[in-house]
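Each chain is listed here by its residues.
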Amino acid sequence: MSDSTIPDSAAPEHTGGPAVLLEHVAKRFGDHAAIDDVTLAIPRGRITALLGPSGSGKSTLLRLITGLSRPDAGSVRVLGEELSTLPRGGLLKLRRRMGMLFQDNALFQSLTVVDNVAFPLVRVARVPTAEAKRRALALLEQVGLPGLGERRPDELSGGQRKRVALARALALEPEVVLFDEPTSGLDPQTSAAIDALLRETQRRLGTTFVVITHDIISAAAIADHVGLLVDGKLRAFGSKDEVWSSTDPQVRAFLDRRLPAG
Ligand SMILES: Nc1ncnc2c1ncn2[C@@H]1O[C@H](COP(=O)(O)OP(=O)(O)OP(=O)(O)O)[C@@H](O)[C@H]1O
Ligand SMILES: [Mg+2]
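Residues numbered from 1 in each chain as written. Chains lettered and ligands numbered in written order. Predicted model: local features only at pLDDT ≥ 70, side-chain atom pairs only at ≥ 80, totals over all residues. Heavy atoms only, no water.

### What about the domain arrangement of the protein chain?
Now for step 1: Taken domain by domain, the protein chain consists of domain 1 (3-97 + 175-257) and domain 2 (106-173).
Now for step 2: For domain 1 versus domain 2, the distance between C-alpha centres works out to 26 Å.
Now for step 3: Contacts between the two partners involve 16 residues from domain 1 and, on the opposite side, twelve residues from domain 2.
Now for step 4: Summed over both sides, the interface between domain 1 and domain 2 buries roughly 1000 Å², with carbon and sulfur atoms accounting for 70% of that surface. (Domains from an automatic or database assignment. Contact = heavy atoms within 4.5 Å. Buried area = accessible area lost by both parts, 1.4 Å probe.)

### A word on the site of ligand 1
Now for step 1: Around ligand 1, the neighbouring residues are F29, H32, A34, P53, S54, G55, S56, G57, K58, S59, T60 and E181.
Now for step 2: A distance of 2.7 Å separates an oxygen atom of ligand 1 from a polar atom in the side chain of K58.
Now for step 3: Protein burial of ligand 1: of its 630 Å² of free accessible surface, 57% is covered by the chains.
Now for step 4: Here the shell around ligand 1 takes three residues from helix α1 (residues 58-66), the largest share from any one element. (Near = heavy atom within 4 Å. Polar contact = N/O pair within 3.5 Å; in protein donor to acceptor, adjacent residues only side chain to side chain. Areas by Shrake-Rupley, 256 points an atom, 1.4 Å probe, with all protein chains shown as cover. Helix = DSSP H or I, 4+ residues; strand = E, 2+ residues; numbered from the N terminus.)

### Overview of the sheet that holds strand β2 (residues 32-42)
Now for step 1: Spatially, four strands are ordered β2-β1-β4-β5 in an open sheet, and the strand pairing comes out antiparallel. One side of each edge strand has no neighbouring strand; the edge strands of this open sheet are β2 and β5 (81-82).
Now for step 2: As defined by bridge partners, strand β4 (residues 73-78) adjoins β5 across two bridges and the pair is classed as antiparallel. Residue pairing across strands places V78 opposite E81, the latter belonging to β5. (Pairing = 2+ DSSP bridges.)

### Some words on the sheet that holds strand β6 (residues 98-101)
Now for step 1: Judged by pairing direction, the sheet is mixed, and its six strands sit side by side in the order β6-β7-β8-β3-β9-β10 without closing on themselves. Every other strand in the sheet has two partners, leaving β6 and β10 (233-239) as the edge strands with one partner each. Geometrically, the sheet is characterised by an average inter-axis angle of 15° between neighbouring strands, direction not taken into account.
Now for step 2: Two strands pair when backbone bridges link them, and strand β3 (residues 47-51) and strand β8 (residues 208-213) are joined in this way by five bridges, in the parallel orientation. Within the sheet, the bridge partner assigned to L50 lies in β8 and is I212. (Axes fitted to C-alpha atoms, helices over the stretch in contact; angles between N-to-C directions.)

Right under this line is the structure:
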């Protein structure tokens with residue numbers, strides 16, 4: 001397959017190509033193909049939701065994009081860099097341009113909220129502590145958590161912890177932010193509030209967001225582009241409207257079971 005198979009909408013001319021480009025990527029565990037010949041281009045400056053049922057390979061794909069896992073075949077490019085040819089130092093540098101929100105938030109329980117958000121600023125960017133705290137407090141305000149900086153993560157609700165994790169992921173001003181199931185475990189109202197926050201934050205910053213989810217309601221609320229994984233294969237990829245109106249039987253089977261009528 002040549003580059004010409006990548007949709008134009010995925011590569012806005014002024015932004016230097018897609019944020020993430022996978023070409024014929026495969027990842028096996030034993031004789032199980034977790035990711036099977038996946039080619040896709042995730043556009044910059046948009047929200048792309050990668051959907052799929054449990055076990056379809058979503059988290060595996062995320063690990064390939066972060067370079068935490070290596071493909072058995074194919075090429076993974078992030079922000080124009082081919083991961084397989086990057087030396088370790090180059091990979092670490094590239095990872096600093098990516099923010100990551102883990103499903104369990106991965107907050108430090110022993111640190112206050114503000115210190116959690118300041119952590120990458122102090123430890124990675126070597127920002128002086130007072131300045132890092134000031135910036136962390138501003139980030140907490142931007143995610144809707146003013147005044148809670150001195151609490152510990154276990155003194156917050158699930159939705160509030162998600163907001164802290166988002167503030168921390170944004171601290172180093174990443175060009176791409178990857179989210180693994182940002183609304184899993186949250187009630188519908190809290191999920192909707194987090195969706196609104198992601199959408200508002202992405203629009204304000206213009207950063208590329210890649211959101212892994214099996215929650216179609218959430219994808220419908222936030223995504224500009226949608227990919228659907230089924231059994232490790234990319235069954236659909238395109239604008240949300242394109243995918244939502246797909247006539248592919250497997251795509252319909254996944255969407256129709258979950259989309260509300262109308
Ligand atoms: N480290 C591993 N060793 C062996 N098999 C694995 C490993 N990681 C994932 N798999 C298998 O690969 C397939 C895809 O797993 P993956 O975790 O990517 O799915 P997922 O779409 O994220 O599912 P979920 O929605 O439940 O999180 C599954 O069959 C899983 O059992
Ligand atoms: Mg997963």
